[in-house]
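Each chain, letter by letter, is given below.
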Amino acid sequence: MNTVNNDLSSHPALGQVTLVGAGPGDPELLTIKALKAIQAATMLLVDDLVSEPIVALASPTARVVWVGKRGGCKSTPQSFIEKLMITAALEGEQVVRLKGGDPFLFGRGGEEVEHLQQAGVRVSVVNGITAGLAAVTSLNTPLTHRDYAHGVVFVTGHAKPGDTGTDWRALAQTARQAKLTLVIYMGVTGAAHIQSELLQGLSADTPVAIIQNASLAQQRHAACLLCDLADTIGREGLGSPAVIVVGDVVQGLLAVAQPLRAGVGA
Ligand code: SAH
């Protein structure tokens, strides 16, 4: 039987890497486990979307390496980040890899765990609240609802180079037939394309919300119908980081309540 040791204080002499989910930005949304790992870290590698107040929770003696695109710099290559983590952990450092939201949702956490394990480094993962969940929750809106949505799909609007990406038409048809909410990450730039593809399977009056900087003081959102998604993003000047939530669960966020479509909420 495989057992996983999640006690971060054991074997202090040995180095290890902990992938920590920093949540959407508000430090109060960190888990206690994440906070303990951050405080115990001797070295932190911090992704772009992690807020500064969270990094400030680290020990003043900890080495902090920002590996995102802050300050207009290009982001650090993934292979370099992984090498840095492996070397530091093998030298005995308590490394925390701090990632926005949850490390295992569009955070390359899976790839990093594989590579760290291949290098013989002890690794553990601490969940964080993912941005899509925090975004709607901040607006008192659920992702599922017994009347409107039987499930939820977290999907990326930005595929790996060379990958054909999401089949939006198929997804739209499934979402309509199975009553699923779509939560689209990294979708703002490609919103016009996503909108036109989703319209092949979902009706034009499907409610949509766009939430930027969820959980932070500068949070903004807009709600509209699917046929107005790209125009609304442009008109409202919404930009990254934002999630797009598609489905009847966000109906209540429309500024002027739209009449419910036949069968919705019945
Ligand atoms: N692992 C992260 C997602 C990383 S991908 C998570 O679980 O949340 C980066 C994308 O996440 C952004 O492009 C955006 O779509 C979304 N995102 C991250 N932080 C956000 C925030 N505070 N508000 C809205 N969207 C956010």
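Predicted model only: the values in this text are computed from it and were never measured.

**Looking at the environment of M43**
- Here M43 lies in strand β2 (residues 43-46).
- Spatially, the C-alpha atom of M43 lies 9.3 Å from that of A89, the residues being 46 residues apart in sequence.
- Once residues lying within four places of it in the same chain are set aside, the contact partners of M43 are R63, V65, L84, A88, E93, Q94, V95 and V96.

**Focus on the site of the ligand**
- In the region of the ligand, 17 residues are neighbours, and D102, L105, T130, A214 and A242 sit closest.
- The contact in question runs from an oxygen atom of the ligand to an N or O atom on the backbone of D102, over 2.8 Å.
- At 2.8 Å, a backbone N or O of A214 approaches a nitrogen atom of the ligand.
- Here the ligand, which alone exposes 550 Å², has 92% of that area covered by the protein.
- Of the residues contributing to the shell around the ligand, the split by class is twelve nonpolar, four polar and one charged.
- Both domain 1 (13-129) and domain 2 (132-262) contribute no fewer than three residues apiece to the shell around the ligand.

**Quick look at the state of the cysteines**
- Tallied over the full model, the rule gives zero disulfides.
- As a non-bridged cysteine, C224 has C227 as the owner of its nearest cysteine sulfur, 7.8 Å distant.
- Residue C224 is classed as buried on the basis of its relative accessible area of 7%.
- With a relative accessible area of 32%, C227 lands in the partly exposed category.

**Notes on the packing of helix α3 (residues 78-90) against helix α4 (residues 109-118)**
- Packing of α3 against α4 leaves a shortest axis separation of 10 Å and a crossing angle of 45°. Classified by the angle their axes make, α3 and α4 are oblique. The way α3 lies across α4 gives a crossing that is right-handed. Residues Q78, E82, M85 and I86 of α3 form the contact with α4, whose participating residues are E111, E112, H115 and L116.
- Split into classes, the residues belonging to the contact of α3 with α4 amount to three nonpolar, two polar and three charged.

**Quick notes on the sheet that holds strand β7 (residues 180-185)**
- The five strands are arranged β6-β7-β10-β8-β9 in an open sheet whose pairing can be described as mixed. In this open sheet, the two edge strands, each paired with only one partner strand, are β6 (151-156) and β9 (220-225). Between one strand axis and the next, the sheet turns by 20° as a mean value, whatever way the strands run.
- Where strand β8 (residues 207-212) and strand β10 (residues 242-246) come together, five bridges link them in antiparallel fashion. Residue pairing in the sheet places A209 in a bridge with V245 of β10.
- Most of the contacts of helix α8 (residues 229-236) go to β9, to which it runs at about 150°, and overall it touches β8, β9 and β10.

**Remarks on the nonpolar core**
- Residues L198 and I210 are the most contacted members of the largest nonpolar core, which totals 24 residues.
- Among the secondary structure elements, those contributing two or more residues to this core are β6, α6 (168-178), β7, α7 (191-198), β8, β9, α8 and β10.
- Leave out the neighbours within four places in its chain, and I210 touches R220, H221, A222, C224, L229, T232, I233, L238, A242, V243 and I244.
- Formed by 17 residues, the second largest nonpolar core is a distinct cluster that contains L30, I38, V46 and I54.

**Focus: the sheet that holds strand β4 (residues 94-99)**
- Reading across from one edge, β3-β2-β4-β1-β5 is the order of the five strands in this open sheet, with parallel pairing throughout. The two strands at the open ends of the sheet, each matched to only one other strand, are β3 (63-66) and β5 (123-126). Strand-to-strand twist across the sheet, computed as the mean angle between neighbouring axes with direction ignored, equals 20°.
- Pairing of β2 with β4 involves four bridges; the strand directions are parallel. Across the sheet, M43 pairs through a bridge with V95, a residue of β4.
- Running over the sheet, helix α1 (residues 32-40) touches β1 (16-21), β2, β4 and β5 and is turned about 135° from β1.
- Contacts between α4 and the sheet are confined to β1, β4 and β5, with β1 contributing the most and set at about 175° to the helix.

**Observations concerning the confidence of the model for the protein chain**
- Summing up the model confidence of the protein chain, the mean pLDDT is 90 and the portion of residues at 70 or higher is 88%.
- Taken together, the stretch residues 4-12 has pLDDT below 50 and engages in 13 contacts with residues farther than four places along the chain or on a different chain.

What counts, and where the lines are drawn
Residues numbered from 1 in each chain as written. Predicted model: local features only at pLDDT ≥ 70, side-chain atom pairs only at ≥ 80, totals over all residues. Heavy atoms only, no water. Helix = DSSP H or I, 4+ residues; strand = E, 2+ residues; numbered from the N terminus. Contact = heavy atoms within 4.5 Å. Near = heavy atom within 4 Å. Polar contact = N/O pair within 3.5 Å; in protein donor to acceptor, adjacent residues only side chain to side chain. Areas by Shrake-Rupley, 256 points an atom, 1.4 Å probe, with all protein chains shown as cover. Nonpolar A, V, L, I, M, F, W, Y, C, P; charged D, E, K, R; others polar. Domains from an automatic or database assignment. Disulfide = S-S within 2.5 Å. Buried < 20%, exposed > 50% of the residue type's maximum accessible area, 1.4 Å probe, protein only. Axes fitted to C-alpha atoms, helices over the stretch in contact; angles between N-to-C directions. Parallel < 35°, antiparallel > 145°, perpendicular 65-115°, else oblique. Left-handed = near helix turned anticlockwise from the far one by under 90°. Pairing = 2+ DSSP bridges. Core = buried A, V, L, I, M, F, W, Y, C linked by side-chain atoms within 4.5 Å. pLDDT = per-residue confidence, 0-100.

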